[in-house]
Amino acid sequence: MTSLLNMSGNLPPRVPHAFDPIYRAALSQVMSEWQPSDLLGSHQFRGGERDRAAGAKFVGLRLPETPSPQRVVVANGTQSILTMLLYGLVGKGGSLAIEALSYPTIRQFADMLGFNVHAVPMDGEGIEPDAFETVCRRHHPSAYYAMPTLQNPTTATMGVERRRAIADICRRYGVAIIEDDIYSLLPRDVPPPLSAFAPELSWYVVGTAKSMVPALKVAYLVAPTSEAAAERFWPGVRATYWMCAPINAAVASSFIDGDGAVQIIDAVRTETRERQAMVASRLAGAEVCSIPECLHVWLSLPHDRPAAEFVAKVRELGVDIGASSTYAFGEASPPNAVRFGTGTPGDRTAFERGLDTIVRVFFDSQR
Ligand SMILES: Cc1ncc(COP(=O)(O)O)c(C=O)c1O
């Protein structure tokens, strides 16, 4: 029996023709520029100077202005940054506002750190301002975990006016914004980050896991001020696990300082568009939410075909995808939909096999 094909994850597609030579060259460059004992000789709590400067340049691909490197923290992935921020800004017994459908790992963080989550209803642009204001008034969240661009799982993107309205509410109710902008580097034409509309409240996070490779384990945070960055990420918090392996940080800096990062992102974008074109043609007529540069697809199902049953049927045929309930926060029942990733299958042939399975089950269910 063939093993289960993972399409429940939404990793970027592998692009060895672009990635492998760039990675090898970056490793050699780091080894020739650094004495290993200097590279590894001390802890870099917020990242070394060069790595923070590279991080500032990288987030400058999205933010309207390149921030001072003093506001940047280099960490070993988005999850580490989120854990530190959720611990520091929300904490035990605190309240976090979150999109009604969102990144499931936040539930684990809530259980681990002992805070409450308050789900905010969404429309096609993400959270609804009135509903958000109601949550702020009733529950006084200290932070909002925001994914305003190609939201996981719905693929919703907030327009500029919605961003402005949400930023305004955050300002009025003193809610910190923890913005996870991890899916924003593949599309070419998306609005500026939510953080650009309320920089004084915003903790802006961009990891490399969805635009380049998942296991480099490098993510960058921009704190509202350099003092805030230093306060949250220093040894006095009695933990050091968020720090990035220096070799990974240095390789990422080399990608960013040269044109390697842009080349890798371009290659991931091109392959994603190819796969999304297959989705669009094979699922023509279905209610599909996605765009050509998105790593996942949100597929609505007919009412008489519950998502759990659909997922089980696809799984029986060897392909793993996710039901909407996986992403649901709050009491309201989630829409009848599934999410599948376009990039996780190792090559296009495997992707095509998985897609054809989903398509077959989908159109069978219409008969
Ligand atoms: C919204 C979101 N943030 C962060 C991550 C993980 O990022 P990292 O591997 O950098 O911790 C994921 C992975 O699925 C994700 O979907």
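Owing to the predicted nature of the structure, the values given are computational and were not obtained by experimental measurement.

Cut-offs applied
- Residues numbered from 1 in each chain as written.
- Predicted model: local features only at pLDDT ≥ 70, side-chain atom pairs only at ≥ 80, totals over all residues.
- Heavy atoms only, no water.
- Helix = DSSP H or I, 4+ residues; strand = E, 2+ residues; numbered from the N terminus.
- Rg over C-alpha atoms; globule rule 2.2 N^0.38 Å.
- Contact = heavy atoms within 4.5 Å.
- Lys, Arg positive; Asp, Glu negative; His and termini not counted.
- Charge placed at Lys NZ, Arg CZ, Asp CG, Glu CD.
- Pairing = 2+ DSSP bridges.
- Axes fitted to C-alpha atoms, helices over the stretch in contact; angles between N-to-C directions.
- Domains from an automatic or database assignment.
- Buried area = accessible area lost by both parts, 1.4 Å probe.
- Salt bridge = Lys/Arg side-chain N within 4 Å of Asp/Glu carboxyl O.
- Polar contact = N/O pair within 3.5 Å; in protein donor to acceptor, adjacent residues only side chain to side chain.
- Expected span 1.5 Å × (residues − 1).
- Buried < 20%, exposed > 50% of the residue type's maximum accessible area, 1.4 Å probe, protein only.
- Arc of directions from axis to C-beta.

1. Describing the overall build of the protein chain
Counting secondary structure elements, the protein chain contains twelve helices and 15 strands. Its C-alpha atoms give the protein chain a radius of gyration of 21 Å, within 12% of the compact-globule value 21 Å for 367 residues. Put simply, 75% of the contacts in the protein chain that link residues at least 6 apart link residues at least 24 apart. Treating the 34 positive side-chain charges of the protein chain as one cloud and the 38 negative ones as another, the clouds have centres 3 Å apart.

2. Some thoughts on the sheet that holds strand E10 (residues 219–222)
In spatial order, the strands read E2-E10-E9-E8-E7-E3-E4; together these seven strands make up an open sheet with mixed pairing. Pairing within the sheet leaves two strands with one partner each, and these edge strands are strand E2 (72–75) and strand E4 (116–120). Between one strand axis and the next, the sheet turns through 20° on average, direction left out of account. Inspection of the sheet shows strand E3 (residues 95–99) paired to E4 by five bridges, in the parallel sense. Across the sheet, Ala-97 pairs through a bridge with His-118, a residue of E4.

3. Brief notes about the domain arrangement of the protein chain
Per the domain assignment, the segments making up the protein chain are domain 1 (5–15 + 261–366) and domain 2 (18–258). Domain 1 and domain 2 are separated by 25 Å when their C-alpha centres are compared. Taking both sides of the interface into account, the surface hidden between domain 1 and domain 2 amounts to around 2700 Å²; carbon and sulfur atoms contribute 67%. Taken together, domain 1 and domain 2 are joined by one salt bridge. The interface formed by domain 1 and domain 2 contains twelve residue pairs in polar contact (both at pLDDT 80 or more). Mapped by element, the contributors of at least two residues to the side of domain 1 that touches domain 2 are helix H10 (260–282) and strand E12 (296–300). With ten residues, the top contributor of residues to the side of domain 1 that touches domain 2 is H10.

4. As for helix H1 (residues 16–33)
An ideal rise of 1.5 Å per residue puts 26 Å on 18 residues; H1 measures up with 25 Å between its terminal C-alpha atoms. Buried residues of H1: Ala-18, Phe-19, Ile-22, Ala-26 and Val-30, and no others. Along the axis of H1, the buried positions cluster into a sector of 80°, meaning they face one direction only. Facing away from the buried side of H1 by over 90 degrees, the exposed positions are His-17, Arg-24 and Ser-32. At its buried positions, H1 is contacted by helix H2 (36–39), helix H9 (246–257) and H10.

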